[in-house]
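If you want the building blocks of each chain, they are given just below.
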Amino acid sequence: MTITCNTCEENIDCRIGYSNRLIQPIQFSCSHCHSPIEIILDTSESPRSKFKFNGCKPAQQQPDAPFNGDNPFVDLHLDFPVKFHKYVMGNTPWLASIDQLTVAADGDRAKAFEMYQFHTARLNALNQLYSKADSLKRIINLYHGKNKQLFQKRAAEFLEEDEEKSLLPQDLNATLYLVIAKAFFPFLIYEHGKEISEKIPMLLSTFDETALGSFIQEISKSGFLETLQKDCLKLYPRIFDAEIPLRPALFLDFIKSDESDVVAGRVSSSDFFSFKDLYKDILEVIGRQIIIIAGINNLYHRGDFNAFKTIDGGSLSSLQKLSEKTLSDKLKYLDDSYYNLSSNIFNFGLRNAIAHNNVQYNESTQVITYFPSGGRINKNESKNISFLEFMRLLLIAFREMHNLHHIVKSLFYYKFIIHESRQKDKRA
């Protein structure tokens, strides 16, 4: 279709690829004046399509033949990275994505279609889940509330189970993580979570019982473990706020990292400023999760959760001292760690720039410019990242937070099933 911008009254040619989402809010900037434009596609009465226009309107003269290049052209699709380029008849976002997957599959077209089908399956799951974000938030809040029976009831409804579980702490914990597993699996890598869930209990079983018990006592008595769990749980429902711009970021799971032309593609929705704080908050939580990693790592290497490796002639005296360090400094104390923390999630310059509001966003080009050194009077160095790259960064950071949350989960199981039982036996 051809649309007319309400601000500058100039025309733009659009090709809109259909997602499998019933309501498809597609957002971009006018190619002429850069004013925000939104086209909302409603396919809830398929095969009929309904359109709602914000900031624009259908042009009086609609094309009855392929676009001739008189107007700027935009390709739009919620599920794939798109480009604003010269119109090529038939080269739809869907076909372009299949070509990109074929390149990623080293020319194997059948494998490329398998990748596409997997991507579609995850998006289908998102279509069923995103509308339940408020319900999930209530279930998570109930977990930390006093009415544990209501938590089990609402969780059983979400899980579509007839039988409610017991109110024992370990069973409440099990229900919570079943809810998380079902609700957020489209965003996650199942194999990673499975590996961690199996590895951590086995690792804990090799530690000295007294040393491990002291570690559990330390992080439980202070309230740190429970607070960390709450901080993790607060982030999960917020990821659904970013569900639409994360769709093309999920597509990049299949694309080789050196295919910069795909990574630099655009997102047919939303605004960077809506999600910048989510990335910052995820890194903040990961920074606290690192304290847990370090404690277990110290037990693994030196048999004492407070025993750190000597660095530059000195060492930290306790986990408390580590907690006072900055996120980047904390990473220095994970010597030969049992947990392979992904370095790809950390963009400290971007994180600091977001925290101090030293970021700019060009809606027309979807380029984020950030100033790692802050807002000084003298001109300082800036760096750029595309909105799609940012959403990809947010996605893999969320995955890492979730993977680390498996360690928190395992520590709670140990606390409920083993540690507290042993404490009762000692008192008896």
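Residues numbered from 1 in each chain as written. Predicted model: local features only at pLDDT ≥ 70, side-chain atom pairs only at ≥ 80, totals over all residues. Heavy atoms only, no water.

## What about the pairing of strand S1 (residues 2-5)?
In S1, alternate side chains face the same way, and those of Thr2 and Thr4 on one face and Ile3 and Cys5 on the other are all buried. Pairing of S1 with strand S2 (residues 11-16), which is carried by three bridges, proceeds in the antiparallel orientation. Across the sheet, residue Ile3 finds its bridge partner in S2, namely Ile12. What sits between the antiparallel neighbours S1 and S2 is a turn of five residues, in which Glu9 has the positive phi angle 60 degrees. The pairing of S1 with strand S6 (residues 56-58) spans three bridges and is antiparallel. Residue pairing in the sheet places Ile3 in a bridge with Pro58 of S6. (Buried < 20%, exposed > 50% of the residue type's maximum accessible area, 1.4 Å probe, protein only. Helix = DSSP H or I, 4+ residues; strand = E, 2+ residues; numbered from the N terminus. Pairing = 2+ DSSP bridges.)

## Some details on the environment of Arg392
With respect to the element layout, Arg392 can be found in helix H15 (residues 387-427). As a C-alpha pair, Arg392 and Ile345 span 47 residues in sequence and 9.3 Å in three-dimensional space. In this structure Arg392 touches Ala249, Leu252, Asp253 and Arg399, once residues within four positions along its chain are discounted. From its side chain, Arg392 meets the backbone oxygen of Ala249 in a polar contact 2.9 Å long. (Contact = heavy atoms within 4.5 Å. Polar contact = N/O pair within 3.5 Å; in protein donor to acceptor, adjacent residues only side chain to side chain.)

## Comments concerning the pattern of salt bridges
Applying the stated criterion across every chain yields a total of 23 salt bridges. Notably, a salt bridge pairs Glu45 with Lys50, separated by 3.4 Å at the nearest N-O pair. Of the residues examined, Glu45 reaches a relative accessible area of 39% and is grouped as partly exposed. Across the pair Asp329 and Lys332 runs a salt bridge whose closest N-O atoms are separated by 3.0 Å. A relative accessible area of 56% places Lys332 in the exposed class. (Salt bridge = Lys/Arg side-chain N within 4 Å of Asp/Glu carboxyl O.)

## As for the sheet that holds strand S8 (residues 359-362)
Strands sit in the order S8-S9-S10 across an open sheet of three strands; the sheet is antiparallel. The open sheet has two edge strands, S8 and strand S10 (383-386), and neither has a second partner. With strand direction ignored, the average angle separating the axes of adjacent strands in the sheet is 25 degrees. For strand S9 (residues 367-370) and S10, the ladder comprises four bridges, and the chain directions are antiparallel. Within the sheet, the bridge partner assigned to Tyr370 lies in S10 and is Lys383. (Axes fitted to C-alpha atoms, helices over the stretch in contact; angles between N-to-C directions.)

## Section: empty space enclosed by the protein
Scanning the entire structure with this criterion turns up one cavity of 30 Å³ or more. Taken as a whole, the largest cavity encloses approximately 30 Å³ of empty space. Along the walls of the largest cavity sit Gln152, Ala155, Ala156, Leu159, Glu161, Glu163, Lys165 and Thr175, which together make up its complete lining. With four residues, helix H4 (residues 148-159) is the single largest residue contributor to the lining of the largest cavity. (1 Å grid on protein atoms, 1.4 Å probe; cavity = no way out; pocket = protein on both sides within 12 Å on 5 of 7 lines; lining within 4 Å. Points joined across faces, edges and corners; volume = space filled by probe spheres on them.)

## What about the packing of helix H8 (residues 224-239) against helix H11 (residues 276-302)?
Where H8 contacts H11, the axes come no closer than 10 Å and their chain directions differ by 155 degrees. The angle between the axes of H8 and H11 places the two elements in the roughly antiparallel class. As for how H8 packs across H11, the hand of that crossing is left-handed. Contacts between H8 and H11 involve Phe224, Leu225, Leu228, Asp231, Cys232, Leu235, Arg238 and Ile239 from the first element and Asp277, Leu278, Asp281, Ile282, Val285, Arg288, Gln289, Ile291 and Ile292 from the second. A class-by-class count of the residues in the contact of H8 with H11 yields eleven nonpolar, one polar and five charged. (Parallel < 35°, antiparallel > 145°, perpendicular 65-115°, else oblique. Left-handed = near helix turned anticlockwise from the far one by under 90°. Nonpolar A, V, L, I, M, F, W, Y, C, P; charged D, E, K, R; others polar.)

## A look at unusual backbone geometry
The omega torsion across Ser46 and Pro47 is 15 degrees, close enough to zero to call that bond cis. Following the sequence through the fold, Pro47 ends up in the loop between strand S4 (36-42) and strand S5 (50-54). Positive phi values are uncommon outside glycine, yet Glu9 reaches one of about 60 degrees. Mapped onto the elements, Glu9 comes out in the loop between S1 and S2. Positive phi is not limited to glycine here, since Gln366 has a value of about 55 degrees.

## Some thoughts on the environment of Asn347
When you line up the elements, Asn347 lands in the loop between helix H13 (327-330) and helix H14 (348-355). Residue class for Asn347 comes out buried when judged on its relative accessible area of 18%. Distance from Asn347 to Leu393, taken between C-alpha atoms, is 8.5 Å for residues 46 residues apart in sequence. Excluding residues that lie within four positions of it along the chain, Asn347 makes contacts with Tyr279, Tyr370 and Leu393. A polar contact of 2.8 Å, which involves the side chain of Asn347, links it to the backbone nitrogen of Leu350.

## Comments concerning the nonpolar core
The nonpolar side chains of a soluble globular protein tend to be buried, and buried together. The biggest cluster of nonpolar side chains holds 109 residues, and the ones touching the most others in it are Phe184, Phe390 and Ile407. Take this core: its biggest share by element is 17 residues, from H15. Aside from chain neighbours lying at most four places away, what touches Phe184 is Leu136, Tyr236, Pro237, Ile239, Phe240 and Phe398. (Core = buried A, V, L, I, M, F, W, Y, C linked by side-chain atoms within 4.5 Å.)

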